[in-house]
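# Summary of the model geometry
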Amino acid sequence: MEKNMRALVLLFLCCWSLAEVVNGQQQQQREGQMQQQQSCRTQHLSAQQPYETIRSEGGTIELSTRQDNDELDCAGVEFIRETVERDCLALQRFSNVPEIRYVVEGQGWLGVVFPGCPETFRRSPFEEEGECQRRRGGEGRGRGERGRGGEGEEEQRGRGREEECSRHERERAREESSQKIRRVRRGDVVAIYAGVAYWWYNDGDTPLRTVAIADASNHQNQLDKRYRPFFLAGSSATRERRERQGEGQRYGGNVLAGFDPNMLAEALGVRRQVVIDIQENNRESGLIVRVNEPLRPRPGRGAPQFFNTFVEDSEEDEREGVNPGGLHQFYCNMRLRHNADRPDDADVFVRDGGRLNTVNRFKLPALTHLNLAAERGVLRPGAMFAPSWVACHAILYATRGDARIQVVENRGRRVFDGRVQEGQFLVIPQFYAVMKRAGDQGFDWITFTTCHSPIRSSFTGRNSVLKAMPQEVVMNAYNISMREAHELRWNREHEFLILPPRGSRRESEE
């Protein structure tokens, strides 16, 4: 009886402790949601440039943080624009939050290191292998010419050289193996997981420029709701603010530099001097450095062969969810990029209006785990993007041209009405209605959303919410005639989201 009572008391305590933990987690989640909801009481929106600049030897990192920007704080994200100059390497790093990036300009290589995945991609040491084969062939011919007289001694000597050569090949293969390296180019949308180390290298003739959002409010972030990059090399740099050049906190820094050299040398199995070199390397170069020799993907004889590990991501990598290699194989070979600049992949295409490419979890399944997505839009001069809303926050970045954009909040008040030009970004809070009209040069943009499958509702066109309502409802809601209600519901029935220009702008405004 006493044992049963003790068991019941222990069970009660366990259940009570578990309930307290769950209640505490729910309370923290509610407090976080309440804090974010309170920060979304934005009176006005603005088109803006990144607030801070971090300069390095081989490029720049520009960013706007939640602490400096109320609109980004509302969306729970931070904005990043990174430029890597030719033959420069953006040093390896990982962050505490997931990121989604878009390649605005240039081309290069992206290395992503998933923990626990094997280094199954390696370059072939062609010269060493060929030399060994030639040596074996020459020795075979020499033994044949000399006959059997000195066969024993020559065979033993040749076998020793062959074993040494084979051992050298195996060591070389181990040294030159790595995880998958991906080719990236203009128009690519790239998914980057929290805690996964990655790096960029620019082998093109133009700067490699990317823009990104870091989802600081993602559930994977258990720190302080800020974007924190952890660099594995390089040195910290000064954050230059627009108002106060040269002032600000330090950004980045080599994580390995914080360990004791003796302990780290023992852990890595190298000499202490090697660790000191690692910790003190690139002190003046920053976080993007120039390489000593250009790293080329298709080297000639005697040139570096670093990028023979390259494997192109293919849209057929994940077909129908079939994965014969199992979960581990799917995780290690996951497709992380999808090009959003292909007209043949457009979700909406209007010949005289433009196109819209959506990159969501259906086109890039990796986005499911990030809960992020992207929309690539192109408008011809004078064309419009229909008034619509999305069920998540959106961060729009202009990549070419300009457009007049209007954003309306729930009380029917315009919180933004102005022009957004190339290089500027605009935060559009969840469910806020937005409408765009391209300028004289047209308008191209990329929009990042804080959900993996953004659902867009429109006021006009084939999928108009007004067209889906009974005509009598529309008539009485707006106090208009039957004819006017019919025109409101059906005048754009053959168009969807992108509206080609009709007549002059003055006529359309009237």
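The shown structure was predicted, so the numbers you read here are calculated from the model rather than taken from an experiment. (Residues numbered from 1 in each chain as written. Predicted model: local features only at pLDDT ≥ 70, side-chain atom pairs only at ≥ 80, totals over all residues. Heavy atoms only, no water.)

### Concerning the confidence of the model for the protein
This is how the line gets drawn: pLDDT expresses how confident the predictor is about each individual residue, on a scale running from 0 to 100. Contacts are assigned to residue pairs that have any heavy atoms within 4.5 Å of one another.
Per-chain confidence: the protein averages 80 in pLDDT, with 70% of residues scoring 70 or above. The model gives residues 9–35 a pLDDT under 50, and that stretch makes zero contacts with residues more than four places away or in other chains. Scored below 50 in pLDDT, residues 297–312 shows 46 contacts in the model against residues more than four places distant or in partner chains.

### Considering the sheet that holds strand 10 (residues 188–192)
Here is the rule: The criterion for strand pairing is that DSSP finds at least two bridges linking the strands in question. We count a stretch as a helix when DSSP gives it H or I for four or more residues in a row; a strand needs E for two or more, and each element gets its number in order from the N terminus.
Pairing is antiparallel across the open sheet formed by eight strands, whose spatial order is 15-1-2-3-12-5-10-18. The sheet is open, and its two edges are formed by strand 15 (240–241) and strand 18 (337–339), each paired on a single side. For strand 1 (residues 52–56) and strand 2 (residues 59–64), the ladder comprises five bridges, and the chain directions are antiparallel. Residue I54 lies in a different strand from strand 2, and its bridge partner there is I61.

### Regarding the pairing of strand 26 (residues 433–449)
Going by this rule: The buried label goes to any residue with under 20% of its type's maximum accessible area, the exposed label to any with over 50%, and the partly exposed label to all in between, with areas taken from a 1.4 Å probe on protein chains only.
Where burial is concerned, most of strand 26 is hidden: 14 out of the 17 residues are buried. As defined by bridge partners, strand 21 (residues 373–379) adjoins strand 26 across seven bridges and the pair is classed as antiparallel. Bridge pairing links A373 to T449 in strand 26. Relative to strand 26, strand 22 (residues 384–390) runs antiparallel, the two being bridged by three bridges. By the bridge assignment for strand 26, F385 is matched with K436. Bridge count between strand 23 (residues 394–408) and strand 26: 13 bridges; the pairing is antiparallel.

### A look at helix 6 (residues 272–280)
The line we're drawing: Regarding the arc, it is the one traced by the directions from the helix axis to the C-beta atoms.
V275, I276 and Q279 are the residues of helix 6 that are buried. The buried residues of helix 6 occupy an angular sector of 100 degrees when the element is viewed end-on, so they sit on one face. Looking at the buried side of helix 6, the elements it contacts are helix 5 (261–268).

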